[in-house]
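# Observations on the three-dimensional arrangement
Letter by letter, the chains look like this.
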2 protein chains.
Amino acid sequence: MKYLEKLRNSGLRPTKQRLQICEVLFDTEKTFHFTINDLANKIKKQLNNKISLATVYNTVHAFEKKGYLKQIPINSNQTYFDTNISDHHHFYDLKEEKLIDLDNSDVGPINILKKINGKKIKSVEVLVKLED
Amino acid sequence: MKYLEKLRNSGLRPTKQRLQICEVLFDTEKTFHFTINDLANKIKKQLNNKISLATVYNTVHAFEKKGYLKQIPINSNQTYFDTNISDHHHFYDLKEEKLIDLDNSDVGPINILKKINGKKIKSVEVLVKLED
DNA sequence: ACACCTTTTTAGAACCATTATAAAGTAGAT
DNA sequence: ATCTACTTTATAATGGTTCTAAAAAGGTGT
Ligand SMILES: [Mn+2]
Ligand SMILES: [Mn+2]
Ligand SMILES: [Zn+2]
Ligand SMILES: [Zn+2]
């Protein structure tokens, strides 16, 4: 199975439910942004099978911890995840409440001049809010 | 009173509670980051007076809407606000779960090359995650 | 001061995304 | 097949935020 590695690395056995979550998350041309609810609905519609929310939460968090998914820093009542794990940024369309990818190459190089003692930079994320 | 303008512009009458919230928010040398709960506790301790959470929420949201406060885009179970309303960015110390200001001047100029049809940029915010 | 009407405050309830629980089911090892 | 640890699931608990509606305070005209 093509998702064994991701599952094993995340400390998860390849169960039917987890493989289905993988299918929906990783078996696509394009990457996408989602909330837990989005994902649960997508599974139900696309695979005609309901997976309990608890399992979806657990699996998504395990993948996020291992870096197979990213959380998108944004203020919302729900948490947004991203299947695009490359270094990249986001537009947030305030009217439509939609996220749009913004490639690293579409943002000039970002140089953080200030240093914090004893800490090192793990990530640099840009959020560009859009209005009409 | 020194906060009349902010309150009036936000469509709020200058009540005792709102003036106290203003005192804690705006009567300081330094700007700061806070959650609603932080703020309610600060008022209780600093002014020795309890203001109901509903009033704190309402007032903070009214100020935020008018731009007298900013929300900080970050993933947390609580919403973080900022009394520093200048264009600036943030470090987020993952270990300590603390936000640290990052001046515009400490980040090279950010040029967003990609354009979205019919939309204009309202803000550009950088979040730099820190680890040990 | 008083009456009258509007706005505000407040405690508590409701809401809802997320997390915890624990019982029943499943997978992998022997 | 049996055993054991892990997993799924329904459901409950948690907790930040929002809503409600009754009491309090503010403003206005007399
Ligand atoms: Mn989460
Ligand atoms: Mn809010
Ligand atoms: Zn993305
Ligand atoms: Zn700040």
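Described in the following lines is the structure provided in the data block. (Residues numbered from 1 in each chain as written. Chains lettered and ligands numbered in written order. Predicted model: local features only at pLDDT ≥ 70, side-chain atom pairs only at ≥ 80, totals over all residues. Heavy atoms only, no water.)

Scanning chain A from terminus to terminus reveals four helices and six strands. Reading chain A from its N end, one meets helices and strands in the order α-α-β-α-α-β-β-β-β-β. Dimensions of chain A, computed from C-alpha atoms along their principal axes, come out at roughly 45 × 40 × 25 Å. Of all 132 residues assigned to chain A, the portion counted as buried reaches 41%. Residue pairs in contact within chain A that sit at least 24 positions apart in sequence constitute 47% of those at least 6 positions apart. When the 22 basic and 17 acidic side-chain charges of chain A are each reduced to a single mean position, those positions are 11 Å apart. (Helix = DSSP H or I, 4+ residues; strand = E, 2+ residues; numbered from the N terminus. Buried < 20%, exposed > 50% of the residue type's maximum accessible area, 1.4 Å probe, protein only. Contact = heavy atoms within 4.5 Å. Lys, Arg positive; Asp, Glu negative; His and termini not counted. Charge placed at Lys NZ, Arg CZ, Asp CG, Glu CD.)

All names here are of chain A. Within the fold, Asp-82 resides in strand E3 (residues 80-82). Among buried charged residues, Asp-82 stands out as having no salt bridge; its nearest opposite-charge side chain is Lys-70, 5.9 Å away. Here His-90 takes part through its side chain, which lies 2.9 Å from a polar atom of the side chain of Asp-82. In this structure, Asp-82 is in contact with Phe-32, His-33, Phe-34, Leu-69, Lys-70, Ile-72, His-88, His-90 and Asp-101, ignoring residues within four places of it in sequence. (Salt bridge = Lys/Arg side-chain N within 4 Å of Asp/Glu carboxyl O. Polar contact = N/O pair within 3.5 Å; in protein donor to acceptor, adjacent residues only side chain to side chain.)

What follows is about the pairing of strand E5 (residues 98-103) of chain A. Residues and elements named next belong to chain A. Sheet topology note: the strand E4 (residues 88-93)/E5 ladder contains six bridges and is antiparallel. When the sheet's bridge partners are listed, Phe-91 is paired in E5 with Ile-100. Connecting E4 to the antiparallel partner E5 that follows it, the hairpin turn spans four residues, and Glu-97 within it adopts a positive phi of roughly 55°. (Pairing = 2+ DSSP bridges.)

Around DNA strand D, the surrounding shell holds 16 residues, and the nearest of these are A:Thr15, A:Arg18, B:Tyr57, B:His61 and B:Thr79. If you look at DNA strand D and keep only atoms within 4 Å of the protein, 84% of those are sugar or phosphate atoms. The side chain of B:Tyr57 places a nitrogen or oxygen atom 2.8 Å from a phosphate oxygen of DNA strand D. Contacts to DNA strand D include B:Thr79, whose backbone N or O atom sits 2.8 Å from a phosphate oxygen. Of all the elements in the fold, those that place two or more residues in the surface near DNA strand D are helix H2 (16-26) and helix H4 (53-66) of chain A together with helix H4 (53-66) of chain B. (Near = heavy atom within 4 Å.)

What follows concerns the sheet that holds strand E1 (residues 33-34) of chain A. Residues and elements named next belong to chain A. Here we have three strands laid out as an open sheet, ordered E1-E3-E2, and antiparallel in their pairing. The sheet terminates laterally at E1 and strand E2 (70-72), the two strands that pair on one side only. Two strands pair when backbone bridges link them, and E2 and E3 are joined in this way by three bridges, in the antiparallel orientation. Residue pairing across strands places Lys-70 opposite Asp-82, the latter belonging to E3. Relative to E3, H4 is tilted by about 55°, and along the sheet it contacts E1, E2 and E3. (Axes fitted to C-alpha atoms, helices over the stretch in contact; angles between N-to-C directions.)

Looking now at the pattern of salt bridges. Side chains that differ in charge, positive against negative, can pair when their charged atoms come close. Summed over all chains, the structure comprises ten salt bridges over all chains. As a salt-bridge pair, B:Asp93 and A:Lys119 come within 3.2 Å of each other at their nearest N and O atoms. One end of the pair, B:Asp93, is in strand E4 (residues 88-93); the other, A:Lys119, is in the loop between E5 and strand E6 (120-131), on a second chain. Since its relative accessible area comes to 5%, B:Asp93 is described here as buried. Between A:Lys119 and B:Asp132 there is a salt bridge, with its nearest N and O atoms 2.8 Å apart. With A:Lys119 in the loop between E5 and E6 and B:Asp132 in the segment after strand E6 (120-131), the pair connects residues from two separate chains. Residues joined by salt bridges that share partners form a network here, namely A:Asp93, A:Lys95, A:Asp132 and B:Lys119.

What follows concerns the sheet that holds E5(A). Strand order in the open sheet formed by six strands is E5(A)-E4(A)-E6(A)-E6(B)-E4(B)-E5(B), with mixed pairing between adjacent strands. Each edge of the open sheet carries a strand with a single partner, namely E5 of chain A together with strand E5 (98-103) of chain B. This sheet shows a mean twist of 25° between the axes of neighbouring strands, independent of strand direction. Note: E4(B) against E6(B), four bridges, orientation parallel.

Another aspect to go through is the protein's contact with DNA strand C. In the neighbourhood of DNA strand C, 16 residues make up the surrounding shell, with A:Tyr57, A:His61, A:Thr79, B:Thr15 and B:Lys50 lying closest. Counted by atom, the contact set of DNA strand C within 4 Å of the protein is 82% sugar and phosphate. Taking B:Thr15, its side chain carries an N or O atom lying 2.4 Å from a phosphate oxygen of DNA strand C. Separating a sugar or linking oxygen of DNA strand C from a side-chain N or O atom of B:Gln17 is a distance of 2.9 Å. Among the secondary structure elements, those contributing two or more residues to the surface near DNA strand C are H4 of chain A together with helix H2 (16-26) and H4 of chain B. Looking at the surface near DNA strand C, the element that brings in the most residues is H4(A), giving three residues. Among the residues making up the surface near DNA strand C, the classes are represented as four nonpolar, eight polar and four charged. (Nonpolar A, V, L, I, M, F, W, Y, C, P; charged D, E, K, R; others polar.)

These figures capture arrangement, not role.
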